[in-house]
Amino acid sequence: MEARASRYYRRLFSSSIRFPATLYLLVIITLLAVSCLDLRLTLNYILSILAPLTLFTFPAVLALNATYVLKGNKVRRICTLIGLIFFTSSIADMVLTVFRTLGFTSGKYGLGYGVSTVVLMLLFCTLLEWNFVKSMTLAMTPVILSAIYFYFAMNYSIKAIMLFLFSSTLLGIATYFFSLWLNRGTSISDVKPLELFKGFAYNWLTNDPSVFEEILHRIGTRVDGWIKAVRVVDERDNTVSCIIQTSFHTGPFRNIGGSMLPKVLVERVERELKCIAVLVHGPGGHERDPVSRREVERIVEKTIKTLSDSPTLLKVSYFKHCSKQDYEILQILTDKVPIITISIKNGIDDLPYELNHRLLEVARKKGYQDIMVIEAHNRKPHAFNYTQGDIDTLTEIIGKALDGRREKLAEWVEVGVARSRRLAKNDDICENGVTVILMRVGEELLSIIVVDGNNMKPGLREKIIGLLRKLGVKHVEVLTTDNHAKTAVKPGEKSYLAVGDVTPEEDILNEVESLFREAYSNMSKCRPLYIIGE
């Protein structure tokens, strides 16, 4: 199977425009510093702000209506955008009022409204891709109306009005030509920076990622992929649970591309098989992000087809923990396909995809048909940069773990599963909530906790493990799905929220304990079946 993945988009985002942007801002600040509008704390002051700002509403709404932004009924986002234009104007004029009060400048030129012209020009040039004449005409219309208002209602002199118009026009022209310079394109598939901004803007305003996904589709590359799944069926051959893994990454962020994979895939599998399904994360990073919803649908369709293929019965031998340095491995040893989870004490995030190939080669040399490698993604690292040495160390640890004797193989095991989506209302836990999977082989009990989110707050995994051990579970591991659906939803440093950054730890622990008791109470005799599709 093939799906398109965006290998280079992170390089696009990292292309720095700080120097030209900073230089341009310094030019604007210099222009702003030479003149200002006399903002008086009187009724005239209030009118001088409100009346021109009202005029700026019309071109903004017209521009947005010229796209399909308003059709999305995103009133809050539209108001936010228009409010941003007004806020920029007001702040600029307030700053210049301080300059005038301190004696640095004098005059009544209204350059804050010129700043609004800059914002409107950027809007027209990026979202609408208008030419210079069309952009300037619509951007300057409210400025000219403001000038007329200033002259007749505020008794401004002709000189002040001319300077007001001149400064606004100058800023508008500078903005337009700066956007042309900035939009020369990049070395990656000739994608233009303002084209990227347009994709971001459309997605933010309408929740429609199609414009941005089209860019990713152009710069993406086709890669081979696979789907692995463990179906757990009861004595009546009904599917109790399904653990799914794909070779694709669940990013980049928000509702774009692969970020929708966990939601769409789990919904579809649960609808088809009438079971509780979880999507687990394997080695691999953003270079393997599906670029669009279309690619996500292809992966989902292939998953459904794969789950209907003839499975391989897995006979479970035992559970085993092993560790070396900061690496921790939990192994479910079976006769044909071992299932491995990887945790790292100082943090883990997107192990190299190469690790899949290395471990598959090791497993086959030891007589196994395949191997399922799950990256636990359960502690948010401060920084990560995996080296060849890390891959070699993990390969060595897991290779030794696979040397265990395959004896006392059990065709039937006891399995219990429970899920709650109650905590999914929080910003750090995604739609599939918290799932607890229990498996008993002989006298040994294993618990896998799966939280639908993007990594985990440091220390929370250890608290969950401690809780389950107090409840009598010897083998415990905590996973997150690396779901990016709630990543970059909000601006700022907290655009990346790990599980536990918002939801109180006590709530998560209580949820896990409640689900453990529910899963324990519904444990039944089951068989694990393994399927792989390519």
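In this text the structure is predicted, and so the values were computed from the model without any measurement. Along each chain, numbering runs from 1 in the same order as the chain's sequence is written. In view of the model being predicted, local features appear only for residues whose pLDDT reaches at least 70, and side-chain atom pairs are presented and counted only at 80 or more, with totals across whole chains, interfaces and linings using the full set of residues. For the side-chain quantities, the full set of heavy atoms in the structure was used; hydrogens and water were omitted.

Q: Hey, could you go over the overall build of the protein for me, with residue numbers and the actual values?
A: What the protein contains, in helices and strands, is 15 helices and 15 strands. Every one of the 534 residues in the protein was classed for burial, and the buried ones make up 55%. Note on definitions: a residue-residue contact is assigned when non-hydrogen atoms from the two residues lie within 4.5 Å. A fraction of 77% describes how many contacts in the protein between residues 6 or more apart in sequence connect residues 24 or more apart. Carbon together with sulfur atoms contributes 57% to the accessible area of the protein, which is approximately 23500 Å² in total. In this description a helix means any DSSP run of H or I spanning at least four residues, a strand means any run of E spanning at least two, and both kinds are numbered starting from the N terminus. For every residue, the accessible area obtained with a 1.4 Å probe (protein chains only) is divided by the maximum for its type, and the residue is called buried under 20%, exposed over 50%, and partly exposed between those limits. Where accessible areas are quoted, they stem from the Shrake-Rupley method and a 1.4 Å probe; at the residue level, only the protein chains shown are allowed to cover.

Q: Now, about the packing of helix 10 (residues 261-273) against helix 11 (residues 293-307): what can you tell me, with residues and values included?
A: Think of each axis as a best-fit line through the C-alpha atoms, taken over the contacting stretch in the case of a helix, with angles from 0 to 180 degrees between the N-to-C directions. Running from N to C, helix 10 and helix 11 cross one another at 30°; their axes reach a closest spacing of 10 Å. Classified by the angle between their axes, helix 10 and helix 11 sit roughly parallel to one another. For the crossing formed where helix 10 meets helix 11, the hand is right-handed. Along its contact with helix 10, which presents Leu261, Val264, Leu265, Arg268, Val269, Glu272 and Leu273, the element helix 11 presents Arg293, Val296, Glu297, Ile299, Val300, Glu301, Thr303, Ile304 and Leu307. Residue composition of the contact of helix 10 with helix 11, by class: ten nonpolar, one polar and five charged. Throughout this description, any angle smaller than 35 degrees is read as roughly parallel, any larger than 145 degrees as roughly antiparallel, any in the 65 to 115 degree range as roughly perpendicular, and the remainder as oblique. A clockwise turn of the near helix away from the far one marks a right-handed crossing, whereas an anticlockwise turn of less than a right angle marks a left-handed crossing. Classes in brief: Ala, Val, Leu, Ile, Met, Phe, Trp, Tyr, Cys and Pro nonpolar; Asp, Glu, Lys and Arg charged; the others, Gly included, polar.

Q: Run through the packing of aromatic side chains, naming residues and quoting values.
A: Centres within 6.5 Å are what make two rings of Phe, Tyr or Trp a pair, Trp counting through its six-membered ring; a difference in plane orientation under 30 degrees is then read as stacked, over 60 as edge-to-face, and the rest as tilted. On inspection of all chains with the given rule, the structure shows seven aromatic pairs. Pairing Phe132 with Tyr176 gives two aromatic rings, centres 5.0 Å apart and planes at 65°, and the pair type is edge-to-face. Pair noted here: Phe132 is in helix 6 (residues 132-153) and Tyr176 is in helix 7 (residues 158-182), with a separation of 44 residues, a long-range link. For the pair Phe212 and Phe253, a centre-to-centre distance of 6.0 Å together with 50° between the ring planes defines the contact as tilted. With Phe212 in helix 9 (residues 210-219) and Phe253 in the loop between strand 4 (239-246) and helix 10, this residue pair connects regions lying 41 residues apart in the sequence. Each member of the pair, Phe212 together with Phe253, is buried. Ring-pair connections join several aromatic residues into one group, and the members of that group are Phe132, Tyr176 and Phe177. To sit over a ring, a charge needs its Lys NZ or Arg CZ within 6 Å of the ring centre and within 35 degrees of the ring normal. Stacked on the ring of Trp226, the Lys or Arg Lys228 has its end atom at 4.5 Å from the ring centre.

Q: An account of the environment of Ile371 is requested, with residue identities and associated values reported.
A: Along the polypeptide, Ile371 turns up in the loop between helix 12 (354-365) and strand 10 (372-375). Overall, Ile371 belongs to the buried group, its relative accessible area being 1%. Here Ile371 is in contact with Lys228, Val337, Pro338, Ile340, Leu359, Leu360, Ala363, Ile398 and Leu402, once residues within four sequence places are set aside.

Q: How would you explain the pairing of strand 15 (residues 524-533) if you had to name every residue and give the values?
A: Any two strands are treated as partners once DSSP identifies two or more bridges connecting them. Relative to strand 15, strand 3 (residues 227-234) runs antiparallel, the two being bridged by eight bridges. Looking at strand 15, one finds that Ile227 is bridged to Gly533. As defined by bridge partners, strand 6 (residues 312-313) adjoins strand 15 across two bridges and the pair is classed as antiparallel. Across the sheet, Leu313 pairs through a bridge with Leu529, a residue of strand 15. As paired elements, strand 11 (residues 413-420) and strand 15 share three bridges and run antiparallel to each other. Following the sheet pairing, Val413 is matched in strand 15 by Cys526.

Q: Could you give an account of helix 11, with specific residues and numbers?
A: Since the α-helix packs 3.6 residues into each turn, any two residues three or four apart lie on the same face. Taking 1.5 Å per residue, 15 residues should reach 21 Å; helix 11 reaches 21 Å between its end C-alpha atoms and fits that length. Among the residues of helix 11, those classed as buried are Glu295, Val296, Ile299, Val300, Thr303, Ile304, Thr306 and Leu307. Expected span of a helix: the number of residues minus one, times 1.5 Å.

Q: I'd love a proper account of a nonpolar patch on the surface, names of residues and values included.
A: Like charges are joined within 9 Å and nonpolar side chains (Val, Leu, Ile, Met, Phe, Trp, Tyr) within 5 Å, but only among residues with over 30% relative accessible area and no salt bridge; these make up the patches. A pairing counts as a salt bridge when a side-chain nitrogen of Lys or Arg comes within 4 Å of a carboxyl oxygen of Asp or Glu. A cluster of nonpolar residues, Ile144, Leu145, Ile148, Tyr151, Phe152, Ile158 and Met162, forms a patch on the protein surface that exposes about 710 Å² of accessible area. Every element with two or more residues in the nonpolar patch is listed here: helix 6 and helix 7. For the nonpolar patch, the leading source of residues is helix 6, giving five residues. With respect to the helices and strands, the residue Ile144 is situated in helix 6.

Keep in mind that these numbers describe shape and distance, not what the molecule does.
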